[in-house]
Amino acid sequence: MHNYENWCIFVPRFTDINLNIFLYDRTMKNILIIGSTGQIGSELTMKLRGIYTGNVVAGYIPGAEPKGELLESGPSEIVDITNAAQIGAVVDKYNIDTIYNLAALLSAVAENKPQLAWHIGIDGLMNVLEVSREKHCAVFTPSSIGSFGPNAPKDGTPQDTIQQPRTMYGVTKVTGELLSNYYALKFGVDTRSVRFPGLISYVTPPGGGTTDYAVDIYYSAVQGKKFVCPIAAGTLMDMMYMPDALRAAIEIMEADPTRLEHRNSFNIASMSFDPECIYQKIKEYIPEFEMEYQVDPLRQGIADSWPNKLDDTCARMEWDWKPEYDLDAMTKDMIEKLRIKFGINK
Ligand code: SER
């Protein structure tokens with residue numbers, strides 16, 4: 001269904017014939033999501049299908065097939081990011097104009113498989129960018145708080161600062177930012193991105209991230225289990241509730257390009273906390289909840305090299321970014337939704 005509010009008047013830029021006005025529907029997009037069954041993809045695909053009237057294609061790799069609503073609500077295709085021909089064929093088949101490239105290994109997994117992390121993160125991105133250059137697609141590729149390293153300012157980490165990550169995850173993210181900017185400047189490919197904080201959701205569990213403790217803690221709390229925290233008290237990291245993250249991914253792709261001073265990639269932020277802080281917040285809702293620490297040296301080392309809190313002023317100025325959820329609002333919603341998910345009446 002077309003919604004009248006989504007129709008816009010489009011005045012071509014390089015014409016003096018002012019009668020040359022077209023009506024076009026902003027919701028008409030053909031979108032391919034690569035990595036549609038992952039932590040972000042499974043929710044983003046459904047949200048995009050709720051907004052856009054064109055084909056929203058769920059790209060997946062064998063072994064990670066879409067199921068249920070994700071499978072039934074729209075087309076899906078095998079799209080391995082390391083196979084450029086496969087990406088190109090799906091782009092042609094559905095006349096794709098926008099690609100959300102969500103294929104990646106998270107930070108702790110990438111440390112154990114650095115070659116594979118590079119292959120997916122960078123060789124894969126190169127395939128996406130090349131297809132997009134040829135076939136004129138816009139591209140969203142998320143970056144991360146992991147794109148900074150220990151030499152960046154820890155508090156109020158600026159938009160433009162030193163990015164010398166020491167993890168393979170971070171190396172692929174900062175390389176991805178540079179490569180995406182290169183394709184925008186050199187070839188005019190419409191690449192855009194945000195640096196995601198740790199993402200928290202009750203839908204699809206993440207796998208192998210450093211910030212994942214902040215998801216796992218809610219699962220333990222709601223199921224009445226003691227939580228064993230792999231990150232030390234006092235370790236601050238940026239976090240974000242998934243609804244805000246999904247909105248950010250869509251809003252940056254919808255942003256007015258004439259206002260964008262930056263492209264790849266924007267700092268975005270909504271909350272920053274350490275394990276003690278989230279534990280105390282959950283206890284306000286579940287007073288009997290218990291937690292102990294068993295610090296994982298791999299994850300702790302990664303977390304220690306990341307910022308405490310990003311400065312997202314540029315995103316706020318250039319495309320009106322504004323988060324909706326703070327720690328309290330997120331905690332309330334997570335507990336409520338996980339109780340429904342596990343059939344727990346309280
Ligand atoms: N959530 C990611 C990770 O921990 C960071 O962006 O790997």
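It should be noted that the structure appears before, not after, this text.
Notes on the structure in this doc start here. Remember, it's a predicted structure, so these values are computed and weren't measured experimentally.

Regarding the site of the ligand
Lining the immediate environment of the ligand, one finds L106, S107, S144, Y169, F196, G209, T210, T211 and W306. With respect to the ligand, the backbone of T210 contributes an N or O atom lying 2.6 Å from an oxygen atom. For the ligand, the accessible surface in isolation is 240 Å², of which the surrounding protein chains cover 94%. When the residues that make up the shell around the ligand are grouped by side-chain class, the tally is 4 nonpolar, 5 polar and no charged.

A short note on the pattern of salt bridges
Applying the stated criterion across every chain, the model contains 17 salt bridges. One salt bridge connects D190 with R192, and the closest N-O pair in it is separated by 2.8 Å. Assessed through its relative accessible area of 25%, D190 is described here as partly exposed. Here R247 ties to E324 by a salt bridge, and the two come within 3.8 Å at their closest N and O atoms.

A look at the pairing of strand β4 (residues 56-60)
Taken across its 5 residues, β4 has 5 buried, putting it largely inside the fold. Going residue by residue along β4, you find V56, A58 and Y60 tucked away on one face and V57 and G59 tucked away on the opposite face as well. Bridge count for β4 against strand β5 (residues 76-78) is 3 bridges, and the pairing is parallel. Paired with A58 across the bridge in β5 is S76.

Digging into the sheet that holds strand β8 (residues 143-144)
Here we have 3 strands laid out as an open sheet, ordered β8-β11-β15, and parallel in their pairing. Across the chains shown, the open sheet's two edge strands, defined by having one partner strand only, are β8 and β15 (266-267).

Quick look at the pairing of strand β3 (residues 31-34)
Here β3 shows two buried faces, one formed by I31 and I33 and the other by L32 and I34. Of the strand pairs in this sheet, β3 and β4 are connected by 4 bridges, and their pairing is parallel. Note that in β4 the partner of I34 across the bridge is G59. With helix α1 (residues 41-51) bridging β3 and its parallel neighbour β4, the resulting β-α-β unit is right-handed. Relative to strand β6 (residues 98-101), β3 is paired through 4 bridges, and the arrangement is parallel. Note that in β6 the partner of I31 across the bridge is T98.

Reading the values: the criteria
- Residues numbered from 1 in each chain as written.
- Predicted model: local features only at pLDDT ≥ 70, side-chain atom pairs only at ≥ 80, totals over all residues.
- Heavy atoms only, no water.
- Near = heavy atom within 4 Å.
- Polar contact = N/O pair within 3.5 Å; in protein donor to acceptor, adjacent residues only side chain to side chain.
- Areas by Shrake-Rupley, 256 points an atom, 1.4 Å probe, with all protein chains shown as cover.
- Nonpolar A, V, L, I, M, F, W, Y, C, P; charged D, E, K, R; others polar.
- Salt bridge = Lys/Arg side-chain N within 4 Å of Asp/Glu carboxyl O.
- Buried < 20%, exposed > 50% of the residue type's maximum accessible area, 1.4 Å probe, protein only.
- Helix = DSSP H or I, 4+ residues; strand = E, 2+ residues; numbered from the N terminus.
- Pairing = 2+ DSSP bridges.
- Right-handed = clockwise from strand over helix to strand, strands pointing away.

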